Amino acid sequence: MPSDLHRLTAAGLCWISGAALLAAQADEDPLLLEPLQVTVGRFDAQLALVPATIDVADRDLLRAAAAANVAEALEDMGVLFRSFTGSPAQASIDMRGFGETGNLNVLVLVDGRRINAPDMSGINWLDLPLASVDRIEVIRGAQSALYGNNAAGGVISITTRVPDAPGAVALAGVSSWGGRVARAGAWSPVGSVRVRGEAGYEKSDGYRDNRAYEMAAASATLAGGSAVQWRITAGGSDTSTRYPGPLSHADFIEIPRRSGYSAEILMPDGRWVSMKEFYGSETQTLSTTASVDARRADWEAHADAGFRRRDLSWNLGPRLRWGGAERSLTLGGDLEYDTLSFQRYAQMERTDQTGDAELDRWTAGAYLHGLAGASGGLSLTGTLRGQWHGLDADIREPGRDAVAASSSGSDIAASAGATWSPRESLRLWLRGDRFFRYPALDEVAAFQGYALPQTFNHNLKSERGWGAEAGAELGIHGAVLRLTAFAQDVERLIAFGPDPASPDPDYPDYLNVNIGDGYRAGLEAALQFRSRHWSAGLLYTLLYAGLTGGEFDGRDLYLVPRHQASAQVTWMPMERGSLRLSVRHTGSQWQGNDLGNERQRMPAYTVADVLARIAVGRGLHVYAGVDNVLDRRYAALLYSGGWYPAAARAYRVGLQWDF
């Protein structure tokens, strides 16, 4: 680890100590920290008792941003996205330096149901509800002990609402490049049952050729009960996405709107067809979720179940908590089952199938979580989890014997933390973690539909490691300031690279392999300010991530920017209007798949957006905005020499109605 990183971490810890002294002396006009309810313990808990870095956006903040989808809302919360298509349906998430595997290390929950795919494909952000979202929690740092797989980098928890009183919300708008969006949700009690329905449609022709996407989705929820509450949600979506492909650097500079798949191929019937006709996908998803909650004076129980039809997946998650808000013990478990099918073809036009694979994975986990409040504003937490997983694969390829293979493994995660709130304007916390992430289905077999040099990747092992986090949150003189120092030491990082066990070192096999160990460490600084006519927010991350040991010892981890920042300033000169400026900065980083740090770096970029809102009636707002105001040309992704341009300046206008 670099020597300046040691100094940086030490400086952060000194700041945290200084914050406590500052709060002890700052008796003049302190700002009390909001008594937020969060779900980090998988039951509601007071933020003041939780040793974690958490950002919360409630429905008022989400409405003010006039976001068209969840991905846009998360960008305002300082979550980094990159997209190889330019479509929000294919945006890849990253928090705290996971780079290419960000989607595999950040768990996304909707009403407690995990929606991460079992393979390496990303999350379809267009598929998620927005009109009925009540709040979004972004929990940064390892949460494997509580949530299991996919949570080594953090958790994004999206909660929808079914209010007791009737209401509705709608948004409709148009934007550059043929963009159209319409979303609506409505809810009302029907007897003793609360009912909510939601539908959404979004479409864009795209900034680049062959970048169009279209989504239609609908869902319905029934909820009821008092002492025992229940909830059932069912929904479906249809999303189609085109892939514009990578460009050379010269094309990125000269003709960034061009598709990288502009060449033509000769079809068997003699027709010449553009390659871009074969680069796209369409996905239909059906899902259902059910949950039951029971509460008594000294205990609380919850059980949820989900079913998702992409290929097929289902999950169960019962848990039971004894105790109250400041002292409790939670016992829970998770059970999941996923299946995926892959087909491989000899030609672009997919006429002759050359292989297929059927993959089935099961996962079972159990955890114990304890919270103990002590005197003087001190609280202690501890979590221990055991996790087991197994994979069965049936693979058929021409020229090879059919393979019926299996693999299994187990992992342990743990977390211990302390939170101290000596006064209502200050929260200090310290946490240590043991975390893991086991391989995705197509990291082990049938890599994205292409033939593997080994039919089944028996040697691939889970990533695992240790982490620590220390933070301070201080409310003073009309603002809330937060600083967090964090570090992770990771064993057996997984990446697509040469297999060290290849029999011929001059012609190495390329697989998903454990390339060696690594580290991630850095500082996060956040500031929030609110007054009658102004509000502002800033999140800045300074991050070091690199490889230790093995062939690439001392190299930086690719697709991880050293600097990342997001800021929003809102001016509200009158009750009926507001003007909002958002700025996002992403620092320079090594391009994707550059383990040796030998290729050209992906340049840093800064993007600014402006949004104006005016109330024209009761609950009715008109909004107009400009994205990428400065018309900055930049690459959303640079991978293996291929450039993926981001959109130029774009305009949007629409209506938003809460009634």
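Residues numbered from 1 in each chain as written. Predicted model: local features only at pLDDT ≥ 70, side-chain atom pairs only at ≥ 80, totals over all residues. Heavy atoms only, no water.

Student: Help me understand the sheet that holds strand β7 (residues 113-114), please; the structure alone is not making it clear to me.
Tutor: Strand pairing in a sheet relies on backbone hydrogen bonds, with the paired strands running either antiparallel or parallel. The strand order β3-β8-β9-β6-β7 describes an open sheet built from 5 strands, whose pairing is mixed. Two strands close off the open sheet at either side, each with one partner strand: β3 (53-58) and β7. (Pairing = 2+ DSSP bridges. Helix = DSSP H or I, 4+ residues; strand = E, 2+ residues; numbered from the N terminus.)

Student: What should I look at first to understand the pattern of salt bridges in this one?
Tutor: Where side chains of opposite charge bring their charged atoms close, a pairing between them can arise. Applying the stated rule across the entire model yields 28 salt bridges. In the salt-bridge network here, residues are joined through shared partners; they are Arg96, Arg431, Asp433, Glu469 and Glu524. (Salt bridge = Lys/Arg side-chain N within 4 Å of Asp/Glu carboxyl O.)

Student: Would you take a moment to explain the confidence of the model for the chain for this structure?
Tutor: For any part of a model where pLDDT is low, the fine detail of the predicted coordinates should not be relied upon. Mean pLDDT over the chain: 85, with 89% of residues reaching 70 or higher. Confidence, expressed as mean pLDDT per element, reaches its minimum in the chain at helix α1 (residues 3-25) with 42 and its maximum at strand β25 (residues 426-437) with 96. Note on residues 1-30: pLDDT is under 50 here. Beyond four places in sequence and across chains, it has 42 contacts. (pLDDT = per-residue confidence, 0-100. Contact = heavy atoms within 4.5 Å.)

Student: How should the pairing of β25 be read in this particular structure?
Tutor: Looking along a regular strand, one sees side chains alternate from face to face of the sheet. Of all 12 residues in β25, 10 are buried, a share of seventy percent or more. Relative to β25, strand β24 (residues 403-423) runs antiparallel, the two sharing 8 bridges. Residue pairing in the sheet places Ala414 in a bridge with Arg434 of β25. What sits between the antiparallel neighbours β24 and β25 is a turn of 2 residues. As defined by bridge partners, β25 adjoins strand β26 (residues 463-476) across 12 bridges and the pair is classed as antiparallel. In the sheet register, Phe435 faces β26, and the bridge partner there is Gly465. (Buried < 20%, exposed > 50% of the residue type's maximum accessible area, 1.4 Å probe, protein only.)

Student: What should I look at first to understand the pairing of β24 in this one?
Tutor: Summarising the sheet, strand β23 (residues 378-396) and β24 pair through 18 bridges and their orientation is antiparallel. Considered in β24, the bridge of Ile395 is made with Val403.

Student: Would you mind showing me how to read the nonpolar core here?
Tutor: Nonpolar side chains tend to gather and get buried jointly when the protein is soluble and globular. Judged by nonpolar contacts, the single largest core of 26 residues is most densely connected at Leu74, Phe81, Trp125, Ile136, Val138, Ile156 and Ile158. Taken together, the elements giving at least two residues each to this core come down to α3 (70-75), β6 (106-110), β8 (133-140) and β9 (154-160). By residue number, the principal contributor to this core is α3, which donates 4 residues. When sequence neighbours within four positions are dropped, the list of residues in contact with Ile156 reads Leu74, Ile93, Val106, Leu107, Val108, Leu109, Ile136, Glu137 and Val138. Formed by 23 residues, the second largest nonpolar core is a distinct cluster that contains Phe486, Ala495, Ile515 and Tyr644. (Core = buried A, V, L, I, M, F, W, Y, C linked by side-chain atoms within 4.5 Å.)

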